[in-house]
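Observations on chain architecture
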Amino acid sequence: MAFINENFLKLKAGYLFPEISRRVTAFQQQNVEKAARLIRCGIGDVTEALPEAAIKAMHEGVDELADRASFKGYGPEQGYAFLREAVATNAYANLNISADEIFISDGSKCDTGNILDIFGKGNRIAITDPVYPVYVDTNVMAGNTGDADTNGAYEGLVYLKCDASNGFVAPPPAEKVDLVYLCFPNNPTGAVATREQLQAWVDYAIANDTVILFDSAYEAFVQDPNVPRSIYEIAGAHQCALEFRSFSKHGGFTGVRCAYTVVPKTVTAATQDGQRIALHQLWSRRHSTKFNGASYPVQKAAAALFSAEGKVQVAALIEHYMGNAALLRDACSAVGLEVFGGINAPYVWVGCPEGKTSWEMFDLMLHEAQVVITPGSGFGAAGEGWFRISAFNSRANVEEVCRRITTLLG
Ligand SMILES: *Cc1c(COP(=O)(O)O)cnc(C)c1O
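Remember, it's a predicted structure, so these values are computed and weren't measured experimentally.

Scanning the chain from terminus to terminus reveals 14 helices and 15 strands. By the compact-globule yardstick of 22 Å for 410 residues, the chain fits well, its C-alpha radius of gyration being 22 Å. Seen through its principal axes, the chain has C-alpha atoms that stretch 60 × 55 × 55 Å. Of the contacts formed within the chain by residues at least 6 apart in sequence, a portion of 73% connects residues at least 24 apart.

This is the structure in structure tokens:
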């Protein structure tokens, strides 16, 4: 008899997106005519075509594989040197991160989950509420939590409440934690942390011997030059923080798959008997054993995003989405809703009209405006009373969504 990992049975059965799709499907079946005008602003997925530079580089990569003389088999597990160097010199210029501290992968979702392989049992783990559900569920699977309570909060996790009073940026807790997940610019709230707020976190981490797992998948959307894009802009972070980044939102690569994790050689954690071990050594070993590298044409395409043309094309893509975000923010503000995010992030986080829950707002928008949004409560109890609108869409769709919000709530 084979036994299962019973931690999986503690998981809340993937409630949010399946429930959204159940309600959308039911609506479509009952309202065939209205269903034709449905606009989806729910899932955080890009919509626009890949940048030219990436397409060209990917084609070249395939052509190299098509010729025996330039063919490549397995590449280095940690990523090709050309891409690791391109990341170090472009994404981390002057931030003292070397190419061999950058580990290329096929996605940040996997990296933020897989990182738990190198941490032991018994760590006190903090997450924000609301949160990107991957951080929670991977800790449940790894056995780092107890059961969920009726609000969906897991025993053993430290929840850092984010709300309008703290601008959806949690300060460090009074208690000591060993690991903390931070995500800025944030999914789902679109909040960004200031330099001072991140410095408070790094100071906390150094004082409490905490490792910060910093997800900056949305750094490319930061418009304000004073908002940090990387945790390594903060003094002391090279001692206590790992950073996850992805080409998914940066270059529209959600379907291409390429990301990277930065593990400075100076970040260590302890054995049970107090010896300090570099996380770099463990993550490198994990990559070699469980991963065989991202594909060559994909890594070529990712590197091309850092070429002169690539940078211009990426900037245009970001400008498109951020133009959408500005329109959505304005439309929601104009009808008197409370609006966060959407300035340095592709998500607009909106307070529901007085007295409406997140799911009531979801149903209202679906039935009366045929716009799919994401209920904030799906990201954690503190998201109740809020909803997320994604700016990933065509301009025409966003303009239409704005008109419908004005008609419905104006
Ligand atoms: C989209 C996203 C990522 C990127 O995930 P990939 O697996 O690289 O596509 C990472 N973190 C957050 C919070 C995201 O929303």
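The rest of the description comes next.
If you trace the 7 strands from one edge of the open sheet to the other, you get β2-β8-β7-β6-β5-β3-β4, paired in mixed fashion. Of all strands in the sheet, those with a lone pairing partner are β2 (102-105) and β4 (157-161), marking the two edges. Adjacent strand axes in the sheet meet at a mean angle of 20 degrees, parallel and antiparallel pairs treated alike. As paired strands, strand β3 (residues 125-129) and β4 are joined by 5 bridges and run parallel to one another. Directly across from Thr128, in β4, lies its bridge partner Leu160.

All right, on to the site of the ligand then. Close contacts around the ligand come from 14 residues, with Tyr218, Ser246, Ser248, Lys249 and Arg257 the closest. Here Tyr218 contributes a side-chain N or O atom positioned 2.5 Å from an oxygen atom of the ligand. The separation between an oxygen atom of the ligand and a polar side-chain atom of Arg257 is 2.7 Å. Elements that contribute at least two residues to the shell around the ligand include exactly α5 (108-114) and α9 (247-250).

We now examine the pattern of salt bridges. On inspection of all chains with the given rule, the structure shows 18 salt bridges. Between Arg245 and Glu243 there is a salt bridge, with its nearest N and O atoms 3.1 Å apart. When salt bridges that share partners are traced, they join Glu19, Arg22, Arg23 and Asp363 into one network.

The next thing to look at is the domain arrangement of the chain. Its domain assignment divides the chain into domain 1 (7-49 + 309-409) and domain 2 (54-307). Domain 1 and domain 2 are separated by 25 Å when their C-alpha centres are compared. Of the residues lining the interface, 34 residues belong to domain 1; the matching set on domain 2 comes to 46 residues. Each partner contributes to the roughly 3200 Å² buried at the junction of domain 1 and domain 2, and carbon and sulfur atoms together form 63% of this total. Our enumeration of links across domain 1 and domain 2 arrives at 0 salt bridges. Counting every contact that joins domain 1 to domain 2 gives 17 residue pairs in polar contact (both at pLDDT 80 or more).

Turning to unusual backbone geometry, a few remarks are in order. Omega for the bond connecting Asp129 with Pro130 falls within 30 degrees of zero, at 5 degrees, which places this linkage in the cis form. Considering the arrangement of structural elements, one finds Pro130 in the loop between β3 and α6 (133-141). With an omega dihedral of -15 degrees, the bond running from Phe184 to Pro185 counts as a cis peptide bond. Residue placement: Pro185 occurs in the loop between β5 (179-183) and α7 (195-208).

Next up on the list: the sheet that holds strand β12 (residues 347-351). Pairing is antiparallel in the open sheet, where 4 strands are placed in the order β11-β12-β15-β14. Of all strands in the sheet, those bounded by a partner on one side alone are β11 (339-341) and β14 (374-375). One ladder, built from 2 bridges, connects β14 with strand β15 (residues 386-390); its direction is antiparallel. The residue of β15 that forms the bridge with Pro375 is Phe387. In this fold helix α12 (residues 308-334) packs onto β11, β12 and β15, with an angle of close to 160 degrees to the strand it touches most, β11.

With that out of the way, let us pick up the nonpolar core. Residues Tyr92, Ile212 and Phe247 are the most contacted members of the largest nonpolar core, which totals 100 residues. Counting residues per element, this core draws most heavily on α12, which supplies 9 residues. The residues that make up this core include at least three from each of domain 1 (7-49 + 309-409) and domain 2 (54-307). Contacts of Tyr92, omitting those with residues within four sequence positions, involve Val87, Ile97, Ile102, Ser230, Tyr232, Glu243, Arg245, Tyr260 and Val262.

The next thing to look at is the side chain of Glu243. Note on placement: Glu243 falls in strand β7 (residues 241-246). A polar atom in the side chain of Glu243 sits 2.6 Å from the side chain of Tyr92. When neighbours within four sequence positions are excluded, Glu243 is seen to be in contact with Tyr92, Phe214, Ser216, Ser230, Ile231, Tyr232, Tyr260, Thr261 and Val262.

One pass over the full model with this rule turns up 24 aromatic pairs. Look at Tyr135 and Tyr181: their rings are 4.8 Å apart centre to centre, the planes differ by 20 degrees, and that puts the pair in the stacked class. Taken as a pair, Tyr135 in helix α6 and Tyr181 in strand β5 lie far apart in primary sequence, 46 residues in all. By relative accessible area, Tyr135 is classed as buried at 2%. Classification of Tyr181 by relative accessible area gives buried; the value is 2%. Between Tyr347 and Phe392, the ring centres sit 6.0 Å apart and the planes meet at 85 degrees, which makes this aromatic pair edge-to-face. Of this pair, Tyr347 sits in strand β12 while Phe392 sits in the loop between β15 and α14 (395-409), and the two are 45 residues apart along the sequence. What links up through ring pairs into an aromatic cluster is the set Tyr92, Tyr232, Phe247, Phe253, Tyr260 and Phe306.

A separate point is the environment of Ser216. Locating Ser216 in the fold gives a position in the loop between β6 (211-215) and α8 (237-240). Separated by 81 residues in sequence, Ser216 and Pro297 place their C-alpha atoms 24 Å apart. Once residues within four sequence positions are removed from consideration, Ser216 is found in contact with Phe184, Arg229, Glu243, Phe244 and Arg245. A polar atom in the side chain of Ser216 sits 3.1 Å from the side chain of Arg245.

Rules used throughout
Residues numbered from 1 in each chain as written. Predicted model: local features only at pLDDT ≥ 70, side-chain atom pairs only at ≥ 80, totals over all residues. Heavy atoms only, no water. Helix = DSSP H or I, 4+ residues; strand = E, 2+ residues; numbered from the N terminus. Rg over C-alpha atoms; globule rule 2.2 N^0.38 Å. Contact = heavy atoms within 4.5 Å. Pairing = 2+ DSSP bridges. Axes fitted to C-alpha atoms, helices over the stretch in contact; angles between N-to-C directions. Near = heavy atom within 4 Å. Polar contact = N/O pair within 3.5 Å; in protein donor to acceptor, adjacent residues only side chain to side chain. Salt bridge = Lys/Arg side-chain N within 4 Å of Asp/Glu carboxyl O. Domains from an automatic or database assignment. Buried area = accessible area lost by both parts, 1.4 Å probe. Core = buried A, V, L, I, M, F, W, Y, C linked by side-chain atoms within 4.5 Å. Buried < 20%, exposed > 50% of the residue type's maximum accessible area, 1.4 Å probe, protein only. Phe/Tyr/Trp six-rings, centres within 6.5 Å; stacked < 30°, edge-to-face > 60°.

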